[in-house]
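Chain by chain, the residues run as shown.
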Amino acid sequence: MKTIHLKRFVLLIVCLVMTASVQAQTKDVTAPVAFKRFEYVGQDVTTQSPLPMGQYRNPILAGFHPDPSLCRVGQDYYLINSTFEYFPGLPIFHSTDLVNWKQIGHVIDRPEQLDYRGDRMSRGLYAPAITYHDGLFYVICTMVEGPGNFVVTAQDPAGLWSDPTPLSFGGIDPSIFFDNDGRAWIVNNDAPEVPPQYNGHRAIWIQEFDYTNKRMMGPRTQLVNGGIDISTQPVWIEGPHLYKRKGWYYLCCAEGGTGNQHSQVILRSKKVEGPYVPWDGNPILTQRDLSGHVPGAVTCTGHADLEIGPDGNWWAVFLAVRPYADGHSPMGRETFLLPVTWTEDDWPVILPAGQRVPWVERSPNGVETQSSETSRFNGNFVWCDDFQQQDLSMEWLMLREPQETWWHLDPSAGQLELTPRAVKLTDAANPSYLGRRVRHSTYTATLTLEVPRNEGVSAGLALFMTEGYHYFYAVARKDNHVCLYLECVKGRDINRIAEVILSSVDLIDLRIETDRDTGAFQYRSNGGQWEVLVESADATLISFSVPDGLFLGATVGPHVRIDP
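Treat the numbers as computed from the prediction; the structure is a model and nothing was measured.

Q: Help me understand the pattern of salt bridges in this model?
A: Where charged atoms of side chains with opposite charge meet at close range, the side chains can pair. The tally for this structure, following the rule as stated, stands at 29 salt bridges. Arg 37 is the partner of Glu 39 in a salt bridge, and the nearest nitrogen-oxygen pair spans 3.3 Å. What makes Glu 39 partly exposed here is its relative accessible area of 21%. Arg 110 serves as the salt-bridge partner of Asp 163, at 2.8 Å between the closest nitrogen and oxygen. On the criterion of sequence distance, the pair formed by Asp 163 in the loop between strand 10 (148–154) and strand 11 (165–166) and Arg 110 in the loop between strand 7 (102–108) and strand 8 (124–133) is long-range, its members being 53 residues apart.

Q: Help me out: how do you make sense of the environment of Val 457 in this one?
A: Following the sequence through the fold, Val 457 ends up in strand 34 (residues 457–466). Counting along the chain gives 35 residues from Val 457 to Ala 422, while the straight-line C-alpha distance between them is 9.5 Å.

Q: What am I meant to see in the sheet that holds strand 13 (residues 184–190) here?
A: Strand pairing in a sheet relies on backbone hydrogen bonds. The paired strands run either parallel or antiparallel. In space, the 4 strands of this open sheet follow the order 12-13-14-15, with antiparallel pairing throughout. A strand with exactly one partner marks an edge of an open sheet, and here the two such strands are strand 12 (172–178) and strand 15 (215–225). Ignoring strand direction, the axes of neighbouring strands in this sheet form an average angle of 25 degrees. Sheet topology note: the strand 13/strand 14 (residues 203–210) ladder contains 6 bridges and is antiparallel. Residue pairing for strand 14: Val 187 is matched across the bridge by Ile 206.

Q: It is not clear to me how the pairing of strand 39 (residues 518–525) should be interpreted in this structure. Could you clarify?
A: For a regular strand, the rule is simple: side chains alternate between the two faces of the sheet. Bridge analysis of strand 38 (residues 507–515) against strand 39 gives 8 bridges, and the strand direction is antiparallel. Following the sheet pairing, Ile 512 is matched in strand 39 by Phe 521. Where strand 38 folds back on strand 39, the antiparallel hairpin that results is connected by 2 residues, among which Arg 516 adopts a positive phi of roughly 55 degrees. Taken together, the 5 bridges between strand 39 and strand 40 (residues 531–538) define a ladder with antiparallel strand orientation. Note on strand 40: the bridge partner recorded for Phe 521 is Val 534.

Q: I'm lost on unusual backbone geometry in this one. Help?
A: Trans peptide bonds make up most of the peptide bonds, and negative phi angles are found at most residues other than glycine. The amide bond that connects Gly 159 to the next residue, Leu 160, takes the cis arrangement and shows omega of 15 degrees. Tracing the sequence through the fold places Leu 160 in the loop between strand 10 and strand 11. Cis rather than trans, the peptide bond between Asn 282 and Pro 283 has omega equal to 0 degrees. Its place among the elements puts Pro 283 in the loop between strand 19 (277–278) and strand 20 (285–286). Positive phi outside glycine occurs at Asp 173, with the angle close to 60 degrees.

Q: Help me understand the nonpolar core in this model?
A: One recurring pattern in soluble globular proteins is that nonpolar side chains are buried together. Counting residues in hydrophobic clusters, the biggest one holds 95 residues, and the most contacted among them are Phe 35, Phe 38 and Ile 508. Here Phe 38 is in contact with Trp 383, Cys 384, Asp 385, Phe 387, Trp 396, Arg 436, Ala 445, Thr 446, Leu 447, Leu 461, Val 556 and Gly 557, once residues within four sequence places are set aside. Of all hydrophobic cores here, the second largest spans 37 residues; its members include Trp 314, Phe 336, Leu 351 and Val 357.

Q: Looking at this model, I keep getting lost on the pairing of strand 7. Mind explaining?
A: The element strand 7 is largely enclosed, with a buried count of 5 among its 7 residues. Note: strand 6 (residues 89–95) against strand 7, 5 bridges, orientation antiparallel. What sits directly across from His 94, in strand 7, is Lys 102. Taking the residues between adjacent antiparallel strands as the criterion, strand 6 and strand 7 are bridged by 6 residues, where Leu 98 takes a positive phi near 75 degrees.

Q: Any chance you could explain a negative patch on the surface here in plain terms?
A: On the surface, a cluster of negative charge is contributed by Asp 326, Glu 513, Asp 515, Asp 517 and Asp 538. When its relative accessible area of 57% is taken as the criterion, Asp 326 is described as exposed.

Q: What's the story with the sheet that holds strand 22 (residues 314–321) in this structure? I'm lost.
A: Here we have 3 strands laid out as an open sheet, ordered 21-22-23, and antiparallel in their pairing. The open sheet has two edge strands, strand 21 (299–308) and strand 23 (333–339), and neither has a second partner. With strand direction ignored, the average angle separating the axes of adjacent strands in the sheet is 25 degrees. Note: strand 21 against strand 22, 6 bridges, orientation antiparallel. Paired with Asp 305 across the two strands is Val 317, which belongs to strand 22.

Q: Help me out: how do you make sense of the confidence of the model for the chain in this one?
A: Scored by pLDDT, the chain comes out at a mean of 92, with 94% of its residues at no less than 70. Within the model, pLDDT remains below 50 along residues 1–26, and this stretch shows 0 contacts once partners closer than five positions in the same chain are excluded.

Q: Can you walk me through the side chain of Gln 103 in this structure?
A: In this structure, Gln 103 sits in strand 7. From its side chain, Gln 103 meets the backbone oxygen of Gly 105 in a polar contact 3.3 Å long. Non-local contacts of Gln 103, meaning those with residues more than four positions away in its chain, are made with Pro 91, Ile 92, Phe 93, Phe 377 and Met 394.

Q: Would you mind showing me how to read the packing of aromatic side chains here?
A: Geometrically, a pair of aromatic rings is defined through the distance of the ring centres and the angle of the planes. A full pass over the atoms with the stated rule returns 28 aromatic pairs. Consider the rings of Tyr 78 and Phe 137, whose centres lie 5.2 Å apart with planes at 80 degrees: the pair is edge-to-face. In this pair, Tyr 78 is assigned in strand 4 (residues 76–80) and Phe 137 in strand 9 (residues 136–144), connecting sequence segments 59 residues apart. Classification of Tyr 78 as buried rests on a relative accessible area of 10%. Relative accessible area serves as the criterion here: at 4%, Phe 137 is assigned to the buried category. Summarising the aromatic geometry, the rings of Tyr 243 and Trp 314 are spaced 6.1 Å apart at their centres and angled 85 degrees between planes, so their arrangement reads as edge-to-face. Taken together, the positions of Tyr 243 in strand 16 (residues 238–245) and Trp 314 in strand 22 put the pair 71 residues apart, joining distant regions of the chain.

Q: It is not clear to me how the side chain of Asp 97 should be interpreted in this structure. Could you clarify?
A: Structurally, Asp 97 is set in the loop between strand 6 and strand 7. Buried within the structure, Asp 97 lacks any salt-bridge partner; Arg 72 is the closest side chain of opposite charge, at an N-O distance of 12 Å. Among the polar contacts made by the side chain of Asp 97, one reaches the main-chain amide nitrogen of Val 99 at a distance of 2.8 Å. Only 2.8 Å separates the side chain of Asp 97 from the backbone nitrogen of Asn 100, close enough to count as a polar contact.

Q: I would appreciate a short explanation of the state of the cysteines in the present structure.
A: Working definition: the covalent bond between the sulfur atoms of two cysteines is a disulfide. Applying the stated rule across the entire model yields 0 disulfides. This cysteine, Cys 300, is not joined by any disulfide, and Cys 252 carries the nearest cysteine sulfur, 18 Å off.

About the cut-offs
- Residues numbered from 1 in each chain as written.
- Predicted model: local features only at pLDDT ≥ 70, side-chain atom pairs only at ≥ 80, totals over all residues.
- Heavy atoms only, no water.
- Salt bridge = Lys/Arg side-chain N within 4 Å of Asp/Glu carboxyl O.
- Buried < 20%, exposed > 50% of the residue type's maximum accessible area, 1.4 Å probe, protein only.
- Helix = DSSP H or I, 4+ residues; strand = E, 2+ residues; numbered from the N terminus.
- Pairing = 2+ DSSP bridges.
- Axes fitted to C-alpha atoms, helices over the stretch in contact; angles between N-to-C directions.
- Core = buried A, V, L, I, M, F, W, Y, C linked by side-chain atoms within 4.5 Å.
- Contact = heavy atoms within 4.5 Å.
- Patch = residues over 30% accessible without salt bridge, like charges linked within 9 Å, V, L, I, M, F, W, Y side chains within 5 Å.
- Areas by Shrake-Rupley, 256 points an atom, 1.4 Å probe, with all protein chains shown as cover.
- Lys, Arg positive; Asp, Glu negative; His and termini not counted.
- Charge placed at Lys NZ, Arg CZ, Asp CG, Glu CD.
- pLDDT = per-residue confidence, 0-100.
- Polar contact = N/O pair within 3.5 Å; in protein donor to acceptor, adjacent residues only side chain to side chain.
- Phe/Tyr/Trp six-rings, centres within 6.5 Å; stacked < 30°, edge-to-face > 60°.
- Disulfide = S-S within 2.5 Å.

Written out as C-alpha cells, the structure is:
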C-alpha cells in the first residue's frame, strides 16, 4: 500500500516537473525579440540627375500606392490609395500643391472596423474614392470577400473615421459624385445587365445616394456596356469618376485591365444619368502601344482621378508601373501626376497618343519640391527607424488586422519588441511582421536585432511579396549555437537555400542588398565585419509579375515566429 502511494507521489512529482518545464519552454518561446534599428536606402539610376527648378519627379508617391483618388477642399488636397490585405488600410496624404505630400493617417486603423482574416493577398480593400461635401469627408470602397461596398465618414481626414456602413449594390470601384443641385450619385463597376459575352465584359452603373442616411435610393442605371466600343470586346471597364464642367457631366473610367493594356477613357452627357457618348479620340491616357522594355519605360497607366490644381488648371493622378526588365517591379503600381489639357471642343487629355509618361514635369505654379518629410516618397533617400518614439511610424504595415498586440516600443531602450507566434508568412492570417514599402528597384534594407534567447524561435528580416513569394532571412538558436539561414518561398516550394552556424553571437545585423533582379544577403556579428551568406539570389520573385502579385508591391521589415 505504501509502495503504491509512493509511486503515485513520484508520478505526481514527475508530472509537476514536466508541466513546469513545458510552461517554462512555452514562456521562453514566446519571449519578445528586440530589434534595435532598421534602415532603408533607395537608389534608382533614373533619379540620379538633379531635379530642375520648378519641376517635380514622377511618381509622386513611389512604391505600392495604387488606385489613387484625389479631392480638393479649398487650398488643400487629399489623396488616398488601395491597400488590399495590409493594415492599417487606406493611407491618406495631404498637400497644398499636388507635388509635396505628407501622410496624415489611415482610414482603416482600428481592428474592429473590418475583418481581413482568412483573405489572401490581392483581396481585401479595392480602389477607394475620397470626396468632400458640406463639412464631411466620405471614403467609399470595396472589400472583396468581406462586406462588399461600404462608406465611412470623418470631419477630419486625419481621423477618426467612422465604422463602415455597408451599401446595397454589387460590383467594385465605387465613387461618389455630389451635384450642385444637392443630390449625390454613386458610379461603379459591375456585371452588365445582360449575360456577359466574354471574359472581362463589365459595365458602369449609376444610382442615387442618400448621403444623409448613407443608403442607396431610386433605380440603378447602366451607363456603359463593356467599354468604349462593345464591338471590340473591351475588358474591365472600371474605376469610374464623375465630374461636371461647362454644363457637361464627364465620366472618366479605366479600361483594358490593370496590366500592360491599361488605359483611361472619357465619355460625357448633358444629364447625370446619361446617355453618355465616348470621345472619338479615346483613350486619353495609355502606354500600351509603347515598348515597356526600353530604359525609363512606364507601363500599366490608368485608374485616373482628375481635379483642379492650385494653378487653376486640371491635373490627373493615376497609377503606373516602373519595370526594370521584362515587366518586373518590386514597387508594383505607384501614383503619378500629370497635367490635363482640354481640346477645343472640351474633351480632357492626360497624355497624347504615342507620348511616354515623363519622369520629370513642370510643377503647378512652378512650386519647388521640398525635402525632409516629403523626400521619402520619391527620389533617392535614406529612411531609418531607431524605435525611439512612442508609437509605430505610419510607414509600418502589417498583414491583416491584429487580434492581439504582439508589438511593443520601448523608447527608453531604443528598441522594438516583437512577440513570436505560431503564425507564418505563408498563412492567411496576421503574423508578427512589420513591413515598409519598397520604393526602388535598387535598394538596401538593414536590420539590427538581438538573437532570440531560446530555441524554437526564428527572427530576422522578411522581404515579402505574397504568401507564396517571399524571403525570410533569419537567426535561431540551435544546440548552443546560432543558425543563420535564408528561407525562400516560391509557389508551393519552401526551401532553406543557405545556412551557417555562428558562435558567441548576441547582436546581429542582417542586410539585403537588391539590384533589380538579384539580391545579396549579408550579415555582421556583434558589430564585426560584413560577410556574405548568399551573393546572388533571385529577386524577380519579389515582383508584381508573380502569381497573385498583380495588385501589390513588396514590403520589407522585421518578422518573428515560433518555428513549425
